[in-house]
Structure formats: C-alpha cells, structure tokens
Amino acid sequence: MTGKYYEELNIGSEFVTRSRTITETDVVLYSGFSWDHNPEHTDVEFARDSAFGERIAHMLLSLVFANGLSASTAILRGTARGYLGMTWRTLQVCRIGDTLRVKETILEKKESPKPEVGIVKIGIEVINQRGEVVSQGDRTMLVAHKPREGVTEQPWEFVFSLETQAQ
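Source: prediction; values computed, not measured. (Residues numbered from 1 in each chain as written. Predicted model: local features only at pLDDT ≥ 70, side-chain atom pairs only at ≥ 80, totals over all residues. Heavy atoms only, no water.)

**What to know about the nonpolar core**
Alright, step 1. Grouped together as the largest cluster of nonpolar side chains are 27 residues, with contacts concentrated most on Leu9 and Ile22.
Alright, step 2. Beyond its immediate stretch of four places on either side in the chain, leucine 9 contacts Lys4, Phe15, Ile75, Leu76, Ile106, Lys109, Val120 and Val143. (Core = buried A, V, L, I, M, F, W, Y, C linked by side-chain atoms within 4.5 Å. Buried < 20%, exposed > 50% of the residue type's maximum accessible area, 1.4 Å probe, protein only. Contact = heavy atoms within 4.5 Å.)

**Remarks on the pattern of salt bridges**
Alright, step 1. In the structure shown here, the tally under the stated rule is 11 salt bridges.
Alright, step 2. Note that lysine 103 and glutamate 14 form a salt bridge whose closest N and O atoms lie 3.7 Å from each other. With lysine 103 in strand 4 (residues 99-111) and glutamate 14 in strand 1 (residues 14-16), this pair connects stretches of sequence that are 89 residues apart.
Alright, step 3. Classification of lysine 103 by relative accessible area gives partly exposed; the value is 22%.
Alright, step 4. A salt bridge links arginine 139 to glutamate 104, with the nearest nitrogen and oxygen atoms 3.0 Å apart. Separated by 35 residues along the polypeptide, arginine 139 in strand 6 (residues 133-144) and glutamate 104 in strand 4 bring together distant segments of the chain.
Alright, step 5. Through salt bridges with shared partners, a single network forms among Glu14, Lys103 and Glu125. (Salt bridge = Lys/Arg side-chain N within 4 Å of Asp/Glu carboxyl O. Helix = DSSP H or I, 4+ residues; strand = E, 2+ residues; numbered from the N terminus.)

**Examining unusual backbone geometry**
Alright, step 1. Phi is positive for tryptophan 35, close to 70 degrees, though the residue is something other than glycine.
Alright, step 2. Along the polypeptide, tryptophan 35 turns up in the loop between helix 1 (24-34) and helix 2 (39-42).
Alright, step 3. Accessibility expressed as a relative area gives 73% for tryptophan 35, which makes it exposed.
Alright, step 4. Unusually for a residue other than glycine, alanine 74 sits at a positive phi of about 60 degrees.
Alright, step 5. Tracing the backbone through its elements, the reader meets alanine 74 in the loop between helix 4 (61-73) and strand 3 (80-90).
Alright, step 6. Judged by its relative accessible area of 5%, alanine 74 falls in the buried class.

Given below as structure tokens:
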C-alpha cells in the first residue's frame, strides 16, 4: 500500500486512527526501556496516596502511542521523505485502562526548495475514551510529489530532526 503524495493531501483533511488501550504491560515495558522508574508509574502504594490516586502512564507514552497509531493508518507509507520537527504538549495524565485514538489534521502545505518533495505540517490530537484531548502537537514532514510520467524516482536518504517546544 502506498501512502498519499503531497498533491493528494488537502488542508483540513482529517484522519482518525483505530484505538488502543494502555495496559499495565505497556507501562512496565516503558519503565524498563526508558529507565523512568518513578513511583507514580511503578508503585501501587505510593500512587494510591498521590494526587492521582492510582498509577499513571508515563507522560511520553501518549506520544509513543500517537506515533504507532499514526503509522498504522499508512497515510505517508512510502511517501514520507523526511521528518523536520515537532511540537508536543501533554494536557492531562493517562491511566492504565485508558483507550486512546489519534486524530491527525493536515494544517499547512508548502513547496520545498527540492522539487521532488513538499512540506506538510500535520496536527495531532490524542483522544481518550471520554473524548478528551490528553496530548497534542504537530509534526512537519517532507512528502514526495507524485512521480512524473517517464521519470524514475531517485533513492532518498531519510532526514530526521527532532525539536520539542515547551508550552
């Protein structure tokens, strides 16, 4: 399956992913590979007496979920040519048992100095089972133009740049 080319993405178009529930296994695995073993994530007794009354998922776990759920839509599969940056804000905590989905919206499009690609800014909202936005941000991508007839596409080196912005 080929994703959408620059010309096929329209400002205002929305894409909603399937949903996925945060499990205890997700929180335990994230604690392990991130080395974030803070007790609000890992200690039932500590968390019971915290402001949240229970263990909560790591703040960046919603970003990890957003990335995976977004990839599952295949909107840019095979057409993404570079990752130029992102912003991200966490608006509220996620708990074990919360079910998340992602809504992506095409916010901006502009031509790139490279004629083979355009620049697309995509808004991202992570939404829980109650319809509340728990985190949001945007990412800016290089997206391939539709191949011109008779022109063989050149191999690309994927570009990656990560900038986060505190809100």
